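Residue strings, one per chain:
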Amino acid sequence: MAQHPTHPGGASRVRRRALLGTAVLAVLVALAGLTAYLTREGRSPSDTPAPLPSSPKASSSSAAPSGPHTRPRDLPVPPKTHDPITYGKAAAAALWSYDTRAYSQPELRKALRGWLTTESKYADPASVDQAVPSAVLWREMAANRQVATAKINEGHFPHAFTQALQDDPGAITQAYVYAVTVSGKQSIRWKGSATGGAESRSTTLAVQCRPNRPCALVGVMPSVAP
């Protein structure tokens, strides 16, 4: 998915980003390196895929990914699971997939916001919005009938997160927010292209999985945690 320019209202974004950081730092408070990427503004280039140019460009990669992937013509629906890694993989696939032929940019953004936790003090909708192409870019992509699908390779808890849980297993019981790093590939095709393009993707998500209800997305981390 394409990253679009930073939204107006920087102060509000900073507050949301701080709340997201607070939720995860309840578990990771002792990890200075992770604190830095949770509170850093912006994403590293590997987090948010850039769009392919509107003019077709030859690529040796097939546009149709193999293995489990989202069905691009459907708006993404969150799975009912209590496993944060399963949920994180599904959320990453949803964030990396779109079909400009089947729905509008506002429809996709609304659907992705539906993945967020209903606990507003933890939810970071701005980080999800950043994963959706801007309205201007979407119009350009739609003119070329651009479609993206995602193949997920793996998901795991970052090393810093698992170490923090080992050091203090009870710390997570306040917010039940887990860090999940997902890697995979985004494949894109467009009108008139015999072959599309494919790029590797990685992202770290904050996922809330309380014991009494299915998991929900908290937000997209500003950087990828190994």
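Higher on the page you've got the structure.
Predicted, not measured: the structure shown is a model, and the values here were computed from it. (Residues numbered from 1 in each chain as written. Predicted model: local features only at pLDDT ≥ 70, side-chain atom pairs only at ≥ 80, totals over all residues. Heavy atoms only, no water.)

Tallied over the full model, the rule gives five salt bridges. Between Asp99 and Arg101 there is a salt bridge, with its nearest N and O atoms 2.9 Å apart. A salt bridge links Glu119 to Arg213; the shortest N-O distance between them is 2.2 Å. Within this pair, whereas Glu119 is found in the loop between helix H4 (105–113) and helix H5 (125–129), its partner Arg213 is found in the loop between strand E4 (197–208) and strand E5 (216–220), the two being separated by 94 residues in sequence. What makes Glu119 buried here is its relative accessible area of 15%. What emerges from the salt-bridge pattern is a single network uniting Glu119, Arg210 and Arg213. (Salt bridge = Lys/Arg side-chain N within 4 Å of Asp/Glu carboxyl O. Helix = DSSP H or I, 4+ residues; strand = E, 2+ residues; numbered from the N terminus. Buried < 20%, exposed > 50% of the residue type's maximum accessible area, 1.4 Å probe, protein only.)

Okay, the pairing of strand E2 (residues 147–156) next. The sheet contact formed by strand E1 (residues 98–99) and E2 spans two bridges and is antiparallel. When the bridges of E2 are listed, Asp99 appears paired with Val147. Where E2 meets strand E3 (residues 177–189), nine bridges bridge the pair, whose relative direction is antiparallel. Within E3, the residue paired with His156 across the bridge is Thr181. (Pairing = 2+ DSSP bridges.)

Excluding glycine, residues mostly carry a negative phi; peptide bonds, for their part, are mostly trans. We note that Arg145 has phi near 55°; this positive angle belongs to a residue other than glycine. Relative to the assigned elements, Arg145 resides in the loop between helix H6 (135–143) and E2. Its identity as a non-glycine residue notwithstanding, Tyr176 has a phi of 50°, on the positive side. Within the secondary structure, Tyr176 sits in the loop between helix H7 (159–167) and E3.

Attention now goes to the pairing of E3. The side chains of a regular strand alternate, residue by residue, between the two faces of the sheet. Of all 13 residues in E3, 11 are buried, a share of seventy percent or more. Examined bridge by bridge, E3 and E4 share 12 bridges and lie antiparallel to one another. Bridge pairing links Gly184 to Arg201 in E4.

Attention now goes to the packing of aromatic side chains. Applying the stated criterion to the full structure yields six aromatic pairs. Seen in terms of ring centroids, Phe161 and Tyr178 are 6.0 Å apart; in terms of plane orientation they differ by 55°. Their pairing is tilted. Of this pair, Phe161 sits in helix H7 while Tyr178 sits in strand E3, placing them 17 residues apart in sequence. Grouping aromatic residues by their ring pairs yields a cluster made of Tyr98, Tyr103 and Trp138. (Phe/Tyr/Trp six-rings, centres within 6.5 Å; stacked < 30°, edge-to-face > 60°.)

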